[in-house]
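The residues making up each chain are set out below.
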Amino acid sequence: MTEVRVTVDGVNYADDVEPRMLLAQYLRETLGKTGTLIGCDTSNCGACTVHLNGQSVKSCSVLAVQADGAEVTTIEGLARDGQLHPVQEAFRECHGLQCGYCTPGMIMAAVDLLGDNPDPSEQEVREGIEGNLCRCTGYQNIVRAVQTAAKNMKPGAAQPSGQAAPVAGGN
């Protein structure tokens, strides 16, 4: 067993883990972060995407011990004070999901994309989420949701709750 110290969604954890335990397994099985989904175990689908030190990673391709000392944000950590993150809200508004299995990974990839490119074109959105597979939607509403979130996250954009939009990737 190896001790791992990690901050997940703003909370510090220290746990003993098997050296071969995947970050996805650690998040789900040890911490109960079940929004991080495991779809393929081969890093093809992207359902397990989380942010590791602010960057999107497929948590099924990272060992928990590799996250030692790191900051991890899961889909559960995006919402703040009962308010959905603007990307989560846009997915809801624009029907950017059907079965919902890919949705957590898509949202995490989209938040990372918008942190790097706050005004992506349709093609840039498609390239930014290309490592995340959706088997239901045909991607049209996902792309629309990401572009809607980008528009809503611009400084001065009107927010439904009257609050300013959080910065992409920010906590």
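Model, not experiment: these values are computed from the prediction.

Caption draft 1: Summary view of the overall build of the chain. When its secondary structure is counted, the chain shows five helices and five strands. Written out in order from the N terminus, the α and β elements of the chain read β-β-α-β-β-β-α-α-α-α. Taken over C-alpha atoms, the radius of gyration comes to 16 Å for the chain, in line with the 16 Å a tight globule of 171 residues would show. Principal-axis analysis of the C-alpha atoms gives the chain an extent of 50 × 35 × 25 Å. For the chain, buried positions account for 45% of its 171 residues. Once local pairs closer than 6 in sequence are excluded, the contacts in the chain between residues at least 24 apart make up 57%. About 8500 Å² of surface is accessible on the chain, with carbon and sulfur atoms providing 46% of the total.

Caption draft 2: Fine view of the sheet that holds strand S4 (residues 55–58). Read across the sheet, five strands follow the order S2-S1-S5-S3-S4 without closing on themselves; strand pairing throughout is mixed. The open sheet is flanked by strand S2 (11–17) and S4, the only strands paired with a single partner. Taking the axes of each pair of neighbouring strands and ignoring which way they run, one obtains an average angle of 40° across the sheet. Here strand S1 (residues 2–8) pairs with S2 via seven bridges, running antiparallel. The residue of S2 that forms the bridge with Glu-3 is Asp-16.

Caption draft 3: Examining helix H2 (residues 86–93) more closely. Across the eight residues of H2, six count as buried, placing the element largely inside the fold. Every buried residue of H2 is accounted for by Pro-86, Val-87, Gln-88, Glu-89, Ala-90 and Phe-91. The inward-facing, buried residues of H2 abut helix H3 (103–116) and helix H5 (140–153). Directly beyond the C-terminal end of H2, a positive phi value near 55° is found at His-95.

Caption draft 4: Just the pattern of salt bridges, in detail. Going through the model one piece at a time under the given rule, you end up with five salt bridges. Here Glu-3 ties to Arg-5 by a salt bridge, and the two come within 3.4 Å at their closest N and O atoms. With a shortest N-O distance of 3.1 Å, Glu-122 and Arg-126 are connected by a salt bridge. In this pair, Glu-122 and Arg-126 both sit in helix H4 (residues 122–128), four residues apart, roughly one turn of the helix.

Caption draft 5: Structural view of the packing of H3 against H5. Running from amino to carboxyl end, H3 crosses H5 at an angle of 45°, the nearest separation of the two axes being 11 Å. When the axes of H3 and H5 are compared, the pair comes out oblique. The hand of the H3/H5 crossing is right-handed. The residues of H5 that touch H3, namely those facing Met-106, Ala-110, Leu-113 and Leu-114, are Ile-142, Val-146, Ala-149, Ala-150 and Met-153. The class makeup of the residues in the contact of H3 with H5 is nine nonpolar, no polar and no charged.

Caption draft 6: Geometry of the environment of Gly-10. Of note, Gly-10 is situated in the loop between S1 and S2. A relative accessible area of 63% means that Gly-10 is categorised as exposed.

Caption draft 7: Highlighting the side chain of Gln-88. Structurally, Gln-88 is set in helix H2. Note on Gln-88: relative accessible area 12%, which makes it buried. Discounting chain neighbours no more than four positions away, the residues touching Gln-88 are Ile-75, Leu-78, Ala-79 and Ile-107.

Cut-offs used in this document
Each residue is numbered by its place in its chain's sequence as written, counting from 1. With pLDDT at 70 or above as the cut-off, local features in this predicted model cover only qualifying residues; side-chain atom pairs require 80 or more to be listed or tallied, and sums for whole chains, interfaces and linings still use all residues. Hydrogens and water are ignored here; the side-chain numbers use all heavy atoms of the structure. Helix numbering and strand numbering both begin at the N terminus, where a helix is a DSSP run of H or I of at least 4 residues and a strand a DSSP run of E of at least 2. In this setup the radius of gyration rests on C-alpha atoms only. A globule is expected at 2.2 Å times the number of residues raised to 0.38. Only protein chains enter the area calculation, which uses a 1.4 Å probe; residues under 20% of their type maximum are buried, those over 50% are exposed, and those in between are partly exposed. Whether two residues are in contact is decided by their heavy atoms: any pair within 4.5 Å suffices. Working definition of accessibility: Shrake-Rupley area with a 1.4 Å probe, residue cover restricted to the visible protein chains. Here, any two strands with at least 2 DSSP bridges between them count as paired. Axis geometry follows a simple rule: fit a line to the C-alpha atoms, using only the stretch in contact for helices, then measure angles between N-to-C directions, giving values from 0 to 180 degrees. Any Lys or Arg side-chain nitrogen located within 4 Å of an Asp or Glu carboxyl oxygen qualifies as a salt bridge. Roughly parallel means an angle under 35 degrees; roughly antiparallel means over 145; roughly perpendicular covers 65 to 115; every other angle is labelled oblique. Put simply, a crossing is left-handed when the front helix is turned counterclockwise from the back one by less than a right angle, and right-handed when it is turned clockwise. In the scheme used here, Gly and all other residues not listed as nonpolar or charged are polar, with Ala, Val, Leu, Ile, Met, Phe, Trp, Tyr, Cys and Pro taken as nonpolar and Asp, Glu, Lys and Arg as charged.

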